[in-house]
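# Analysis of the macromolecular model
Each chain is listed here by its residues.
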Amino acid sequence: MTTRYAVGEHNAPNSHRVIVAQTNENVNWSGWSHRLHFFAYDHQYPGTVRFVVGEAHNPDRHMMERNDIDFNRDGWSHRLHFYAFLHPQPGTVRFVVGEAASPGPHRMMLSQRDSDHNGDGWRHRLHFYAYLQPQFGSPSHQPHHQPPHHAPHHHHHHHDPHHHHHHDHHHHHPHHDHHHHHPHHPPPHHAPPHHAPHNPPPFGGASFPSGLSQPGFPSTSTNFGSYTPSLNWSSVQGNLTKVSVAGYNIWGVNRSEEIFRWNGFSWDKLPGAAVHVSAGYDGSAWCVNRSDEVFRWNGASWDKMPGALTGVSVSTANNVWGVNRNQEIWHWDGHSWSKVDGRAVQISVGEDGTVWCVNAAQEVFSRANRHGNWSLVPGKLTCVSVHNANTIVGNNAAGEVWIWGGNQWNKGSGSTTYISTGAFGNTHIWGVNSAGEIWKHHG
């Protein structure tokens, strides 16, 4: 049986704030007007995923995300959770959540609509499918099996990313290093895994160094841009080689190839072993192990995916990018892999689908989405991270932090070797330095 959730919007002009309540009444409270309602489940059924709502004050407002843990972090307190669908089911309608952070506080808007919530200062955050009328009994889940958006006519259009392909050399594709056109091949698809995520290794916690020091601040600025952003770095317990941030979905791996997820206060160790992990904005996560095998987190364990990659980047479950040992670029649409032009050794996709990558020559390229074209970006980086088209950070070989200003790089404070940005306007940046120390900046 479903439960009714009501959404109220604040009456103050241009406040654009909403709250969510589990109630059979409309939200016509002091200062609030009823906006909409939906029916969802208060516990999990097959096909549903968990959405959590956090509240903040001064001013009162709510925020929503997809997560298996409660919303208690960064000034938000958990208020409620519910279970709804990511894909349409009989009798459901689509609800979308947009977020804004300027002007005013970080806040969300919830609407019933078929299109994403983008424009007028809002950026799409998530969507779910729920009911307008109460449902009795358990849902009859319809598996989501719609064909790919571009169904391949020929088999070779959706090969797994461990197949080597000849690719053409257009001038601005990120494959300029023609001398390394045929690097050594990745291991066979069925190479024995090193602690495949299906077989968790013995438990071992992250090491917590006792002496944490502030990241180094370069004494001289080799600044391309007009200003040097000061990042408010604070230390985080633990020791990692890579970290990935997507909103409040934060994952990392350490030198022992152990996998961790941040719960808002500390690191939870998860099964499996990986050399690279990526967090998605819909709560998803993918990882790659030392045998180039690819896995997707299902909420409790790892599912092995087709293909062989050395790096992966997740926007949502249907928008995943990766690079393999041949420096080929691949895209997962939720159903199959397709090869993308260009070459790269590291890649990042944002919440809005923007993609940036770095090639073996440390050249930087960007494209608007899966169907865009690569454009060369000035500068040299070893690592780049994208939240959206306007929010990009990177590290160079010297460990310097660089923030993209729209047409130039601006040097940020601190030093990291692997950096990740996961929120509107660079307000949520995490990084690890050469010692494996973990740092976060909250704007």
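Whatever comes next refers back to the structure up there.
Read on for an overview of the structure. Since we're looking at a predicted model, the values are computed, not measured. Every chain begins its residue count from 1, and numbering advances along the sequence as written. The model is predicted, so local features are restricted to residues of pLDDT at least 70 and side-chain atom pairs to those at 80 or more, both for listing and for counting; the totals for chains, interfaces and linings are taken over all residues. Computation of side-chain values covers all heavy atoms of the structure but excludes hydrogens and water.

## Brief notes about empty space enclosed by the protein
The criterion, for reference: Using a 1 Å grid laid over the protein atoms alone, points where a 1.4 Å probe fits but cannot get out form a cavity; open sets with protein on both sides within 12 Å along at least 5 of 7 lines form a pocket; any residue with an atom within 4 Å of a point counts as lining. Grid points are joined across faces, edges and corners, and a volume is the space filled by probe spheres set on the points.
One pass over the full model with this rule turns up 2 cavities of 30 Å³ or more. Within this model, the largest cavity holds a volume of roughly 180 Å³. Taken together, 23 residues make up the lining of the largest cavity; nearest its centre are S244, S278, S313, S348 and S420.

## Remarks on the environment of Q346
We apply this condition: Labels follow the DSSP assignment, with helices taken as runs of H or I lasting at least four residues and strands as runs of E lasting at least two, numbered in each case from the N terminus. Throughout, a residue-residue contact means that at least one pair of heavy atoms, one from each residue, lies within 4.5 Å. For this analysis, a polar contact is any N or O atom pair within 3.5 Å, provided that within protein one partner can donate a hydrogen and the other can accept it, and provided that sequence-adjacent residues contribute only side-chain to side-chain pairs.
One can find Q346 in strand β23 (residues 346-349). Here the alpha-carbon distance between Q346 and A360, two residues 14 residues apart in the chain, equals 8.7 Å. Residues contacting Q346, with those up to four places away along its chain left out, are V323, C357, V358, T382, C383, V384 and Y418. At a separation of 2.8 Å, a polar atom in the side chain of Q346 contacts the main-chain amide nitrogen of V384.

## Here's the deal with the sheet that holds strand β20 (residues 319-323)
Selection criterion: For two strands to pair, DSSP has to find at least two bridges joining them. Lines fitted to C-alpha atoms define the axes here, with helix axes fitted over just the stretch in contact, and angles between the N-to-C directions of these axes take values from 0 to 180 degrees.
Pairing is antiparallel in the open sheet, where 4 strands are placed in the order β19-β20-β21-β22. A strand with exactly one partner marks an edge of an open sheet, and here the two such strands are β19 (311-316) and β22 (337-343). Neighbour-to-neighbour, the strand axes of the sheet open up by a mean angle of 20 degrees, direction not taken into account. Direction of pairing for strand β21 (residues 328-332) relative to β22: antiparallel, over a ladder of 5 bridges. By the bridge assignment for β22, W332 is matched with W337.

## Some remarks on the layout of surface pockets
So the rule is basically this: Gly counts as polar in this scheme, as do all residues outside two lists: the nonpolar Ala, Val, Leu, Ile, Met, Phe, Trp, Tyr, Cys and Pro, and the charged Asp, Glu, Lys and Arg.
One number sums up the size of the second largest pocket: a volume of about 850 Å³. The set of elements that each furnish at least two residues to the lining of the second largest pocket consists of β4 (48-56), β6 (77-85), β12 (249-253) and β17 (293-297). For the lining of the second largest pocket, the element with the highest residue contribution is β4, accounting for 3 residues. Of the residues that constitute the lining of the second largest pocket, the class distribution is 9 nonpolar, 16 polar and 6 charged.

## Considering unusual backbone geometry
Glycine aside, the phi torsion of most residues is negative, and most peptide linkages are trans. Residues N58 and P59 are joined by a peptide bond in cis, for which omega reads 5 degrees. Within the secondary structure layout, P59 lies in the loop between β4 and β5 (61-66). A positive phi angle, close to 70 degrees, is found at D292, a residue other than glycine. You can see D292 is positioned in the loop between β16 (285-288) and β17. Positive phi values are uncommon outside glycine, yet Q327 reaches one of about 65 degrees. Within the secondary structure, Q327 is located in the loop between β20 and β21.

## Some remarks on the sheet that holds strand β15 (residues 276-279)
The 4 strands are arranged β15-β16-β17-β18 in an open sheet whose pairing can be described as antiparallel. Edge positions in the sheet fall to β15 and β18 (302-308), since each of these pairs with one other strand and no more. Averaged over all pairs of adjacent strands, the angle between their axes in this sheet comes to 25 degrees, without regard to strand direction. Here β17 runs beside β18; their pairing, made up of 5 bridges, is antiparallel. When the sheet's bridge partners are listed, W297 is paired in β18 with W302.

## Considerations on the environment of N390
Applicable threshold: Relative accessibility under 20% of the residue-type maximum defines a buried residue, over 50% an exposed one, and the middle range a partly exposed one, all with a 1.4 Å probe and only protein chains included.
Checked against the element boundaries, N390 lands in the loop between β27 (383-388) and β28 (391-395). The class of N390 is exposed, set by a relative accessible area of 57%.

## Topic: the side chain of S338
Checked against the element boundaries, S338 lands in strand β22. Engagement of the side chain of S338 in a polar contact is seen with the side chain of R370, the distance being 3.3 Å.

## A look at the pairing of strand β33 (residues 437-442)
Of all 6 residues in β33, 5 are buried; the element is thus mostly enclosed. Relative to β33, strand β10 (residues 233-239) is paired through 5 bridges, and the arrangement is antiparallel. Paired with V236 across the strands is I438, a residue of β33. As defined by bridge partners, strand β32 (residues 428-432) adjoins β33 across 5 bridges and the pair is classed as antiparallel. Pairing of I429 across the sheet is with H441, part of β33. Turn length for the β32-β33 hairpin, with the two strands adjacent in sequence and antiparallel, is 4 residues, and the turn residue G436 shows positive phi of about 85 degrees.

## Observations concerning the packing of aromatic side chains
Remark: the centre distance and the inter-plane angle together describe each pair of aromatic rings, the angle taken between the planes. For clarity, the cut-off: Here a Phe, Tyr or Trp ring, Trp counted by its six-membered ring, pairs with any other such ring whose centre lies within 6.5 Å, and the pair is stacked when the planes are under 30 degrees apart, edge-to-face when over 60, and tilted otherwise. The rule for a charge over a ring is simple: NZ of Lys or CZ of Arg within 6 Å of the ring centre, and within 35 degrees of the ring normal.
According to the stated counting rule, one finds 27 aromatic pairs in the structure shown. Measuring from centroid to centroid gives 5.8 Å for W251 and W302, while their planes differ by 65 degrees, and the two rings are edge-to-face. On the criterion of sequence distance, the pair formed by W251 in strand β12 and W302 in strand β18 is long-range, its members being 51 residues apart. Ring geometry for W267 and W430: centres 6.0 Å apart, planes at 80 degrees, overall edge-to-face. You can see W267 sitting in strand β14 (residues 267-273) and its partner W430 sitting in strand β32, a full 163 residues away along the chain. An aromatic cluster of at least three residues, connected via ring pairs, comprises Y5, F38, F51, F82, F95 and F128. The residue whose ring lies beneath R367 is W374, and the NZ or CZ to ring-centre distance is 4.8 Å.

## Brief notes about the nonpolar core
Definition in use: Residues belong to a common nonpolar core when they are buried Ala, Val, Leu, Ile, Met, Phe, Trp, Tyr or Cys residues joined through side-chain atoms within 4.5 Å.
With 31 residues, the main nonpolar core has V20, F38, F51, M64, F82, L110 and F128 as its most contacted residues. Broken down by element, the residue count for this core peaks at 5 residues, all from β4. Leaving out residues up to four positions away in the same chain, V20 has contacts with Y5, A6, V7, V53, H62, M64, R79, L80 and M108.

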